[in-house]
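So you can see what is in the structure, the chains are spelled out below.
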Amino acid sequence: MSQAVKTYEGWFAYHDFRKIDWNKWKSISPSGRQEIILELLDAIAEFSSVENNNEGSFGQYAILGHKADLLFLHLRPNIDELNDIKTKFNKLGFAGITSNPYSYLSVVELSSYTIDPDTDPLSDPAFRERLQPILPKTQYTCFYPMNKRRLGEDNWYRISVDERKKMMKSHGVIGRSYSGKVRQIITGSIGLDDWEWGVSLFSDDPLYFKKLITEMRFDEVSARFGEFGSFYVGCRLTNEMLSSMLND
Ligand code: 76R
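This one's a predicted model, so the numbers in the text were calculated from it and none came from an experiment. (Residues numbered from 1 in each chain as written. Predicted model: local features only at pLDDT ≥ 70, side-chain atom pairs only at ≥ 80, totals over all residues.)

**Student:** Before we move on, could you go through the site of the ligand and cite the residues and values that matter?
**Tutor:** Around the ligand there are 25 residues in total, and S111, G172, G175, M216 and S222 lie nearest to it. Secondary-structure elements contributing two or more residues to the shell around the ligand are strand 5 (140–148), helix 5 (161–176), strand 8 (182–188), strand 9 (197–203) and helix 6 (206–217). (Near = placed C-beta within 6 Å. Helix = DSSP H or I, 4+ residues; strand = E, 2+ residues; numbered from the N terminus.)

**Student:** Outline the confidence of the model for the protein chain, listing residues and values.
**Tutor:** The predicted coordinates ought not to be read in detail in places where the model reports low pLDDT. Taken residue by residue, the protein chain gives an average pLDDT of 96. The fraction at 70 or more is 100%. Interface predicted TM-score (ipTM) for the complex: 0.89; the corresponding pTM is 0.95. (pLDDT = per-residue confidence, 0-100.)

**Student:** Tell me what's going on with the pairing of strand 1 (residues 7–20), and back it up with residues and numbers.
**Tutor:** Within a regular strand, the side chains alternate between the two sheet faces. Across 11 bridges, strand 1 lies against strand 4 (residues 98–111) in antiparallel orientation. Bridge pairing in strand 4 places I20 opposite T98. (Pairing = 2+ DSSP bridges.)

**Student:** Requested: an account of the pairing of strand 4, with residues and values cited.
**Tutor:** In the sheet, strand 4 pairs with strand 8 via 2 bridges, with the strands oriented antiparallel. Along strand 8, the bridge assignment pairs V107 with G188.

**Student:** Describe the nonpolar core, and please don't skip the residues or the numbers.
**Tutor:** Grouped together as the largest cluster of nonpolar side chains are 32 residues, with contacts concentrated most on A13, I63, L71, V108, L201 and Y232. Counting residues per element, this core draws most heavily on strand 1, which supplies 5 residues. Those residues in contact with Y232 that sit more than four places away from it in its chain are F17, I63, K67, A68, L71, F143 and Y144. (Core = buried A, V, L, I, M, F, W, Y, C linked by C-beta atoms within 7 Å. Buried ≥ 20, exposed ≤ 12 C-beta atoms within 10 Å, placed from the backbone. Contact = placed C-beta atoms within 7 Å.)

Laid out in structure tokens, this is it:
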């Protein structure tokens, strides 16, 4: 039996993907639409206010393609708050003109593969910041869920800890070569959602997503063990951009 990896958990993450029913939206009177937008912006102000006291983080994005139109991304210390957020959002007038094609529940996770066993990560402020991250204010985001394969010789969960460490080191070296270009937040979701991890990437240039992910595909840990779900790419929305997206 191989040894489980020690992990450190931080804030819980709720990726709430929404699709807008534009016909329904256009059937509402201009003043009714205005009311709904104002109510939505009020809720958004409340969602983002947690960042002021370091009690969570919030981001909103316009999603490209047919899979969704919007992503509301919440980080909070516990899932009770995420549940309250869900209920609050669903009571908004805006929720009535959207559907919920996808969502993802996970928790910010750092694994001990590349951490010196003699350090106490929890007393390190930089480490805390990685477990309780304020979402980067980059222009673009990319989200996808993934698994580590369990098939014959390619069973991640039967590989020795030393071998996994070696592979994760090489993975980290590729990742760090994108330092300053791509920020990643890895969230663990074993027992929380359908895949084992959520990968949330942030960059000011979407081509870096393609280049980084391509490079990782050729690295052993992704080439042998990576299994991926659907990809969602979004543009960060300011409140003004969100209002003008909804106004005609
Ligand atoms: O060295 C370190 O301090 C951190 C090293 C590191 C770990 C342990 C690291 C670095 N990652 C780690 C863990 Mn990662 N990561 C992904 C993907 O598309 C793919 O092929 C995989 C999706 C990307 C794009 C990515 C990016 N990483 C993990 C884990 C958990 C594994 C486990 O516990 O078994 C997963 C699932 C995963 C997946 N990784 C980095 C990056 C980037 C950009 C870095 C450098 C980050 C930095 O320097 O801050």
